[in-house]
Amino acid sequence: AACFSLASYAPLGALPASAGAGALGAVAHGAVGLLGFNQISATALAAVAIGLCGGTISRRLHVPPLVIAVSGLTPLLPGLTTYRAMFELAVQRSPSGLSTAAAAVATALALAAGVVLGEFFAQPVRTGLGRLERRLAGPRMAGPLRPSRRRLD
């Protein structure tokens, strides 16, 4: 996930977050799979976790949420399933390739829907974290929120 982020010219500050999102997605996918869910449901729930992670961390890192989310989704892409479907259809001439292709399409749709749903869930979390940060920062006496960079001579 971090290498994909680097290859996509993401800011260097986003690389650890992208790696964390990819690791979170892989762990969530494995954990949900161990609970007995099928491959597509596990992928969708892992994508929700990645979208939630990307949506909440992106504000602090000053990067768009999709930079983290897309990089985090990379390890879950259905590349092998797509290749297997094309191999079954083209080389083996087996009709089971259609069901394998449908599974690859369903996995891709689960990734897309899951990451959007995760970012939707991240909006109230971001709002709550912003309020908490402002409350913990304490009162400002006067002046702008950020210090001015002008020099006084």
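This text follows the structure it describes.
So, a few notes on the structure that sits alongside this text. Since this is a predicted model, take the numbers as computed values, not measurements.

### Section: the nonpolar core
And then number 1: Ala21, Ile50, Ile68, Leu73, Leu76 and Leu111 are the most contacted members of the largest nonpolar core, which totals 15 residues.
And then number 2: Within the residue set of this core, elements represented by two or more residues are helix 2 (15-34), helix 3 (39-61), helix 4 (65-73) and helix 6 (96-137).
And then number 3: Among the elements that line this core, the one with the most residues is helix 3, at four residues.
And then number 4: With residues near it in sequence (within four places) discarded, Ile50 still touches Ala21, Leu24, Gly25, Ala69, Gly72, Leu73 and Leu76.

### Quick look at helix 2
And then number 1: An ideal rise of 1.5 Å per residue puts 28 Å on 20 residues; helix 2 measures up with 29 Å between its terminal C-alpha atoms.
And then number 2: Where helix 2 is concerned, the buried positions are Leu15, Ala17, Ser18, Ala21, Gly22, Gly25, Ala28, His29 and Val32.
And then number 3: Those residues of helix 2 that are buried lie in contact with helix 1 (2-7), helix 3 and helix 4.
And then number 4: Positive phi shows up at Gly36, right after helix 2, with a value of about 105°.

### Focus: the packing of helix 2 against helix 3
Any two packed helices are characterised by the angle at which their axes cross and by the distance between the axes.
And then number 1: Remark: helix 2 packs on helix 3, axes separated minimally by 8 Å, with the N-to-C direction vectors making an angle of 155°. Comparing the axis directions of helix 2 and helix 3 gives the class roughly antiparallel. Helix 2 and helix 3 meet at a crossing whose hand is right-handed. Facing helix 2, whose interface residues are Ala17, Ala21, Leu24, Gly25, Ala28, His29, Val32 and Gly33, helix 3 presents Gln39, Ala42, Thr43, Leu45, Ala46, Ala49, Ile50, Cys53, Ile57 and Leu61.
And then number 2: For the contact of helix 2 with helix 3, a count of residues per class yields 13 nonpolar, five polar and no charged.

### A closer look at the packing of aromatic side chains
And then number 1: Inspection of every chain in the model, using the stated rule, returns one aromatic pair.
And then number 2: Between Phe120 and Phe121, the aromatic rings sit 6.2 Å apart at their centres with planes inclined by 50°, giving tilted as the arrangement.
And then number 3: Residue classification places Phe120 among the exposed residues on the basis of a relative accessible area of 52%.

Rules behind the numbers
Residues numbered from 1 in each chain as written. Predicted model: local features only at pLDDT ≥ 70, side-chain atom pairs only at ≥ 80, totals over all residues. Heavy atoms only, no water. Core = buried A, V, L, I, M, F, W, Y, C linked by side-chain atoms within 4.5 Å. Buried < 20%, exposed > 50% of the residue type's maximum accessible area, 1.4 Å probe, protein only. Helix = DSSP H or I, 4+ residues; strand = E, 2+ residues; numbered from the N terminus. Contact = heavy atoms within 4.5 Å. Expected span 1.5 Å × (residues − 1). Axes fitted to C-alpha atoms, helices over the stretch in contact; angles between N-to-C directions. Parallel < 35°, antiparallel > 145°, perpendicular 65-115°, else oblique. Left-handed = near helix turned anticlockwise from the far one by under 90°. Nonpolar A, V, L, I, M, F, W, Y, C, P; charged D, E, K, R; others polar. Phe/Tyr/Trp six-rings, centres within 6.5 Å; stacked < 30°, edge-to-face > 60°.

Everything listed is a geometric property; what it means functionally is a separate question.
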